[in-house]
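# Reading the structure
Spelled out from the first residue to the last, the chains are:
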Protein chains: 2
Amino acid sequence: MREAVPTVWLNGELRPSGEPVLQALDRGLLYGDGLFETLRAYRGQVFRLEAHLARLKRGADVLRLASGAAAGGRDAVVDQARYAVQAVLRANELQDAYVRITLTRGVGGLPYELDQADRPTLLVTARPFHGYPEELYHRGMTAQLAQIRRNDTSPLANVKSLNYLDNVLARARARARGFDEALLLNTRGRVAEASASNVFVVQAGRIVTPPVTEGILPGITRQVVLDLCEARQEPLDVPAFLTAGEAFLTNSLMEVMPLVSLDGSPLGTGRPGPTTAEIAQRYRAQVRLELGS
Amino acid sequence: MREAVPTVWLNGELRPSGEPVLQALDRGLLYGDGLFETLRAYRGQVFRLEAHLARLKRGADVLRLASGAAAGGRDAVVDQARYAVQAVLRANELQDAYVRITLTRGVGGLPYELDQADRPTLLVTARPFHGYPEELYHRGMTAQLAQIRRNDTSPLANVKSLNYLDNVLARARARARGFDEALLLNTRGRVAEASASNVFVVQAGRIVTPPVTEGILPGITRQVVLDLCEARQEPLDVPAFLTAGEAFLTNSLMEVMPLVSLDGSPLGTGRPGPTTAEIAQRYRAQVRLELGS
């Protein structure tokens, strides 16, 4: 299910995916020193490609990645990523797809020497993806409150870095106990996000999601929803979360997904709510509008 | 300076280091889903190899890594790592060396599916290393208090995982301001460790280091020092740290390194202290004793 399609992009060329592509001393492997983006293509067109590329560039700014002249700087890397995404989709004749951009600092330098690597590694992979099962949207996802907190003292909290193992472990633990997702608090004990998605609540007609300062990843789908329904960005404590009328999750792959319980306690009615359904519809309409399909 | 020597170990064989070794979908790259160890060889012999391998195995237990039958289980991986370390040293005719073991979950599975990867990736690299300059031990290191906290709510805090970018960034920021190291607090505001080393203080003749429950990596050198000088493991708050008579850092590469200031304020006399010097001597004697050189 996670198989790459046959052809991937590596540093300027299309390559068979079975071949090894990464050097032993690539800092992406050594320290998780890099970034990624996950994008969704509908009928061959990537939704909000420019927003993903802009976030990739902001992440590179934070990590001081790809600043070297040899690489042509961050703009050149972003330009190459834009081209590579289309090239990988075309080369594999993919219509509905999951696309991943991985950008590492490359090889070189002592661990703390951020500017000594030769050139960044840019890798683009893809696989067919047709969306989550519709029945999941009808029943909604369940979540477990994770023991792992989101480290909002780190600049990585706001960046989609390759240091992703806390998210993986939090979700694996939740899944092992029969939950779909894990909900992470920040170090101040307030709601941050789910393991692989942003979180919203509906409270007395107001739509609320935690602001970036709460240690969240600024999701692309989150921003679309913010724009579509005038949601507010406000800190969200656990009591407020538990008493919300509705809750939902967002990311590029699942779009807008109802969240119906936390640790077995129903959120609102314990069933997907009407506001969530309305927002999910608006999101899909926006996708169709922008991609002209 | 960080160049690999010509030959590396990958999954059972010696390979030229210039060749790409890692698959595009290796989880070590995708999520930092793996572990590493850094070891030091003196005259061709690795100090405390078994302790490093035991920590690697404990880390694999925590991450549920390399549990599959296809891989022969964790013991088989550890056995292979033991063999590979010696093979890489021999193949490159290295005497005094830095050796790195990297173990990833390999390729496969959805992000949260910890048991679906085919087989772990084991990579061993090495390079010549003759120790830090002696003059650094004479003047001692300076540290900056990092803004990034050590996330002691995560199981990764006690594991040497590939999610190492917080440490890299904390130290890079400290170095950019003229400090040698970064000192990280945990989320409770107490002293945890430095970016790449454990920390000890000497207070009225007592030698103290934070316990594992403070969110620290249980360092191999730290354990040697604990055994050699009956140090205590106690939580360490910032005021106690600042009023200590001496402070020092430990890791396998730097051994026992005086720490003489924090944010420009001297620790103790602001010069390497006699207890630190005594412990450093004992440590080097222990290395000679165990390696018979």
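It should be noted that the structure appears before, not after, this text.
To keep things clear, this report deals only with the structure shown in the data block. Within any chain, residue numbers begin from 1 and follow the written order of that chain's sequence. By the order in which they are written, chains take letters starting at A while ligands take numbers starting at 1. Under the rules for a predicted model, residues below a pLDDT of 70 receive no local features and side-chain atom pairs below 80 are neither given nor counted, while totals for whole chains, interfaces and linings still include all residues. Heavy atoms throughout the structure, all of them, feed into the side-chain values; hydrogens and water do not.

## A look at the overall build of chain A
Heads up, the rule is: A run of H or I in DSSP counts as a helix once it spans at least four residues, and a run of E counts as a strand once it spans at least two, with each numbered from the N terminus. What the globule rule says is 2.2 Å times the number of residues to the power 0.38, and the radius of gyration is computed from C-alpha atoms. When a residue's accessible area, from a 1.4 Å probe over protein chains only, is under 20% of the maximum for its type it is buried; when over 50% it is exposed; and in between it is partly exposed. Residues count as neighbours in contact if any of their non-hydrogen atoms are within 4.5 Å of one another. Accessibility throughout is a Shrake-Rupley quantity obtained with a 1.4 Å probe, and a residue counts as covered only by protein chains that appear here. The charge count includes Lys and Arg as positive and Asp and Glu as negative, but it does not include His or the ends of the chains. Every charge is mapped to an atom, namely NZ of Lys, CZ of Arg, CG of Asp or CD of Glu.
When its secondary structure is counted, chain A shows eight helices and 15 strands. A globule of 293 residues ought to have a C-alpha radius of gyration of about 19 Å, and chain A, at 19 Å, matches this closely. The dimensions of chain A, computed from C-alpha atoms along their principal axes, are 55 × 45 × 35 Å. By residue count, 60% of the 293 residues in chain A fall in the buried class. When contacts within chain A are restricted to residue pairs at least 6 apart in sequence, long-range pairs at least 24 apart make up 70% of them. Carbon and sulfur atoms make up 49% of the accessible area of chain A, which totals about 11300 Å². Distance between charge centres in chain A, computed from 34 positive and 32 negative side chains, equals 2 Å.

## A short note on the packing of helix 6 (residues 220–229) of chain B against helix 8 (residues 274–291) of chain B
A pair of packed helices can be characterised by two numbers: the angle between their axes and the separation between those axes. Residues and elements named next belong to chain B. This is how the line gets drawn: Orientation is described by lines fitted to C-alpha atoms, with helices fitted over the stretch in contact, and by angles between N-to-C directions that extend from 0 to 180 degrees. Note on terminology: angles under 35 degrees are roughly parallel, angles over 145 are roughly antiparallel, angles of 65 to 115 are roughly perpendicular, and the others are oblique. Here the nonpolar group is Ala, Val, Leu, Ile, Met, Phe, Trp, Tyr, Cys and Pro; Asp, Glu, Lys and Arg are the charged ones; every other residue, Gly included, is treated as polar.
The interhelical angle for the contact between helix 6 and helix 8, taken along N-to-C directions, is 105°, at an axis separation of 10 Å. Here helix 8 runs roughly perpendicular to helix 6, going by the angle between their axes. Contacts from T221, V224, V225, L228 and C229 of helix 6 reach helix 8 at I279, R282, Y283 and Q286. Its residues placed into classes, the contact of helix 6 with helix 8 shows six nonpolar, two polar and one charged.

## Let's talk about the pattern of salt bridges
Here is the rule: Basic side-chain nitrogens of Lys or Arg form a salt bridge, by our definition, when they fall within 4 Å of a carboxyl oxygen of Asp or Glu.
The tally for this structure, following the rule as stated, stands at 44 salt bridges over all chains. For R284(B), the salt bridge is made with E134(B), and the minimal N-O distance between the two is 3.1 Å. Within this pair, whereas R284(B) is found in helix 8, its partner E134(B) is found in helix 4 (residues 134–139), the two being separated by 150 residues in sequence. Several salt bridges converge on common partners, so that one network encompasses R40(A), E134(A), E255(A) and R284(A).

## Comments concerning the interface of chain A and chain B
Where we set the bar: The quantity reported as buried area is the accessible area (1.4 Å probe) lost by two parts once they are put together, taken as the sum for both. Any N or O atom pair separated by 3.5 Å or less is treated as a polar contact, with the protein-specific requirement of one donor-capable and one acceptor-capable atom, and with residues adjacent in sequence counted only for side-chain atom pairs.
Counting from both sides, the interface comprises 53 residues of chain A and, opposite them, 53 residues of chain B. When chain A packs against chain B, close to 4800 Å² is buried across both sides, 66% of that on carbon and sulfur atoms. For the pair chain A and chain B, the interface holds 24 residue pairs in polar contact (both at pLDDT 80 or more). Breaking the side of chain A that touches chain B down by element, the ones donating at least two residues are helix 1 (27–31), strand 5 (97–104), strand 6 (121–128) and helix 5 (165–176) of chain A. Looking at the side of chain A that touches chain B, the element that brings in the most residues is helix 5 of chain A, giving eight residues. Residues belonging to the side of chain A that touches chain B are distributed by class as follows: 25 nonpolar, 17 polar and eleven charged.

## Comments concerning the sheet that holds strand 4 (residues 45–46) of chain A
Residues and elements named next belong to chain A. How we decide: Strands are labelled as partners when DSSP assigns at least two bridges between them.
Strand order in this open sheet of six strands is 2-1-6-5-3-4, and the pairing throughout is antiparallel. Whereas interior strands pair on both sides, the edge strands pair on one side only; in this sheet they are strand 2 (13–16) and strand 4. When strand 5 meets strand 6, the two strands line up antiparallel, connected through eight bridges. Looking at strand 6, one finds that T102 is bridged to L123.

## Some details on the environment of R271(B)
All names here are of chain B. Looking at the element boundaries, R271 is found in the loop between strand 15 (265–266) and helix 8. Note on R271: relative accessible area 61%, which makes it exposed. Sequence separation between R271 and G219 is 52 residues, and the spatial gap between their C-alpha atoms is 24 Å.

## Quick word on helix 6 (residues 220–229) of chain A
Residues and elements named next belong to chain A. In terms of residue burial, helix 6 counts as a mostly covered element, since seven of its ten residues are buried. All of the buried residues in helix 6 are I220, T221, R222, V224, V225, L226 and C229. Looking at the residues trailing helix 6, positive phi occurs at E230, about 50°.

## Brief notes about the packing of aromatic side chains
What counts here: Planes of paired rings set the category: under 30 degrees apart is stacked, over 60 is edge-to-face and the rest tilted, where pairs are Phe, Tyr or Trp rings (Trp by its six-membered ring) whose centres lie within 6.5 Å. Here, a charge over a ring is recorded when the distance from Lys NZ or Arg CZ to the ring centre is within 6 Å and its angle to the ring normal is within 35 degrees.
Per the counting criterion, the structure on display carries twelve aromatic pairs over all chains. Residues F129(A) and Y132(A) carry aromatic rings whose centres are separated by 5.9 Å and whose planes lie at 75° to one another, so their mutual orientation is edge-to-face. Taking 5.2 Å as the distance between ring centres and 90° as the angle between the ring planes, the aromatic pair formed by F36(B) and Y164(B) counts as edge-to-face. Taken together, the residues span a long stretch of sequence, with F36(B) in strand 3 (residues 34–42) and Y164(B) in the loop between strand 7 (141–145) and helix 5 (165–176) at a distance of 128 residues. Among the aromatic side chains, those forming a connected cluster through ring pairs are Y31(A), F36(B) and Y164(B). Sitting over the face of the ring of Y137(B), R284(B) holds its NZ or CZ atom 5.1 Å from the ring centroid.

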